[in-house]
Amino acid sequence: MWWRTPFLLSTTAEEAIALLLREQRPINFKTVAETAGISTAWLYAHQDLKMRIIHLRNQQFPKTSVRIPLKEQSSNASKDAVIAALQRRIQELTKENRELRAQLEAAYVPLYKQE
């Protein structure tokens, strides 16, 4: 392939991009390189082609936010119920923690008196 000039390679890459667009195939460095029969390193080295591939790739796969189906979304009432249950659990654990600290303190008092 030493006979292929940079201009010819650039034209081949552009033709590969056009073919991928016509066939509605994904556009990325790998697919363009495979379709054109050139290396990905060559594509990355040529700024104009690199920017075009990045632009087309971003157009094909725009950043989307994850949408939860309506069936799977929690209602405000169920969220409130979960919050209330968690707050009750916190109160129970706080009370248990106080009781355990009191028991621990009561258990240590005789040990301090022995010394």
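What counts and how
- Residues numbered from 1 in each chain as written.
- Predicted model: local features only at pLDDT ≥ 70, side-chain atom pairs only at ≥ 80, totals over all residues.
- Heavy atoms only, no water.
- Helix = DSSP H or I, 4+ residues; strand = E, 2+ residues; numbered from the N terminus.
- Buried < 20%, exposed > 50% of the residue type's maximum accessible area, 1.4 Å probe, protein only.
- Phe/Tyr/Trp six-rings, centres within 6.5 Å; stacked < 30°, edge-to-face > 60°.
- Core = buried A, V, L, I, M, F, W, Y, C linked by side-chain atoms within 4.5 Å.
- Contact = heavy atoms within 4.5 Å.
- Salt bridge = Lys/Arg side-chain N within 4 Å of Asp/Glu carboxyl O.
- pLDDT = per-residue confidence, 0-100.

**Student:** Explain unusual backbone geometry here, please?
**Tutor:** Both trends apply: most residues other than glycine have a negative phi, and most peptide bonds are in trans. Unlike most non-glycine residues, Gln24 shows phi in positive territory, near 55°. Among the secondary structure elements, Gln24 is positioned in the loop between α1 (6–22) and α2 (29–36). For Gln24, a relative accessible area of 72% gives the class exposed.

**Student:** Please explain the packing of aromatic side chains as it appears in this structure.
**Tutor:** Counted according to the given criterion, the structure contains 1 aromatic pair. Consider the rings of Phe29 and Tyr44, whose centres lie 3.9 Å apart with planes at 20°: the pair is stacked. Residue Phe29 is found in helix α2, and its partner Tyr44 is found in helix α3 (residues 40–45); the two are separated by 15 residues along the sequence.

**Student:** Would you mind going over the nonpolar core with me for this structure?
**Tutor:** Inside soluble globular proteins, nonpolar side chains tend to come together where they are buried. Membership of the largest hydrophobic core comes to 15 residues, with the highest contact counts inside it found for Ile17, Ile27, Val32, Ile38, Leu43, Leu49 and Ile53. For this core, the secondary-structure elements that each account for two or more residues are α1, α2, α3 and α4 (47–60). Ignoring anything within four residues of it in the chain, the contact list for Ile27 reads Ile17, Leu20, Leu21, Val32, Ile53, Leu56, Arg57 and Gln60.

**Student:** I keep staring at the pattern of salt bridges and nothing clicks. Help me out?
**Tutor:** Oppositely charged side chains can form a pair if their charged atoms are brought close together. Counted under the stated rule, the structure contains 4 salt bridges. Its salt-bridge partner being Lys30, residue Glu34 comes within 3.9 Å of it at the nearest N-O pair. With a gap of 4 residues between them, Glu34 and Lys30 both fall in helix α2, about one helical turn apart. The two residues Glu34 and Lys30 agree in class, both being exposed. Close ionic contact of Glu92 with Arg89 constitutes a salt bridge, the shortest N to O distance being 3.8 Å. Here Arg89 and Glu92 lie together in helix α5 (residues 76–114), a separation of 3 residues that amounts to about one turn. Looking at Glu92, the relative accessible area reads 45%, which means it is partly exposed.

**Student:** What am I meant to see in the confidence of the model for the chain here?
**Tutor:** Reading fine detail from the predicted coordinates is not recommended where pLDDT is low. Considering every residue of the chain, the mean pLDDT works out to 86; 87% of them sit at 70 or more. Least confident of the elements in the chain is α1, whose mean pLDDT is 84; most confident is α2, at 94.

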